[in-house]
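What follows is each chain in one-letter form.
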Amino acid sequence: MDLIRVFRYVSIAEAASFLLLLLVAMPLKYGADAPAGVQLMGPVHGVLFMAYVGLVFLVRGQLRWDLLRTVLALGAAVLPVAPFFVERRLTTPPAEAVAGSA
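Everything numeric here is computed off the predicted structure, so don't read it as measured data. (Residues numbered from 1 in each chain as written. Predicted model: local features only at pLDDT ≥ 70, side-chain atom pairs only at ≥ 80, totals over all residues. Heavy atoms only, no water.)

Chemist: I'd love a proper account of the packing of aromatic side chains, names of residues and values included.
Modeler: Enumeration over the complete set of coordinates arrives at 2 aromatic pairs. Three or more aromatic residues joined by ring pairs form one cluster here, namely Phe 7, Tyr 52 and Trp 65. (Phe/Tyr/Trp six-rings, centres within 6.5 Å; stacked < 30°, edge-to-face > 60°.)

Written as structure tokens, this is what we have:
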């Protein structure tokens, strides 16, 4: 499996875990006094967050990202739904790389 595909999967998983943490686990912790969701999702999201950030640096060369795209991808990690955007819009290989491999 290539690294870009792994990055795409981690990007989706990181965004989903962030949303679960914010929209399910946190309300349960503070509204229903049930901290188990945060105790479970917190570390899962933390690992996915670190994997996402590390993979940004590993795939930036393959995707030919400039500094701006790299910073945008890293900034997306702290916004709840932004990694979905990164996965969809920024992980498409450059057109010349696709044309060169065909």
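Picking up after the structure, the text goes on.
Chemist: Go over the pattern of salt bridges with me, naming the residues and quoting the values.
Modeler: If you walk through the whole model with that rule in mind, you get 3 salt bridges. In this structure, Asp 2 and Arg 5 form a salt bridge, with 3.8 Å as the shortest nitrogen-oxygen distance. Residue Asp 2 is classed as partly exposed on the basis of its relative accessible area of 38%. For Arg 5, a relative accessible area of 44% gives the class partly exposed. The partner of Glu 87 in a salt bridge is Arg 8, with the nearest N and O atoms 2.8 Å apart. A residue pair is termed long-range when its members are at least 10 positions apart, and Glu 87 in helix H4 (residues 82–90) and Arg 8 in helix H1 (residues 3–31) qualify at 79 residues. A residue is classified by how much of its surface remains accessible, and Glu 87, at 8% relative accessible area, is buried. Ionic contacts of the salt-bridge type, sharing partners, join the residues Arg 8, Glu 87 and Arg 88 into one network. (Salt bridge = Lys/Arg side-chain N within 4 Å of Asp/Glu carboxyl O. Buried < 20%, exposed > 50% of the residue type's maximum accessible area, 1.4 Å probe, protein only. Helix = DSSP H or I, 4+ residues; strand = E, 2+ residues; numbered from the N terminus.)

Chemist: Please set out the packing of helix H2 (residues 36–59) against helix H3 (residues 67–76) residue by residue, giving values where relevant.
Modeler: Where H2 meets H3, the closest approach of the two axes is 10 Å, and the angle between their N-to-C directions is 170°. In terms of orientation, H2 lies roughly antiparallel with respect to H3. Contact residues: Tyr 52, Val 53, Val 56 and Phe 57 in H2; Thr 70, Ala 73, Leu 74 and Ala 76 in H3. Counted by class, the contact of H2 with H3 contains 7 nonpolar, 1 polar and no charged residues. (Axes fitted to C-alpha atoms, helices over the stretch in contact; angles between N-to-C directions. Parallel < 35°, antiparallel > 145°, perpendicular 65-115°, else oblique. Contact = heavy atoms within 4.5 Å. Nonpolar A, V, L, I, M, F, W, Y, C, P; charged D, E, K, R; others polar.)

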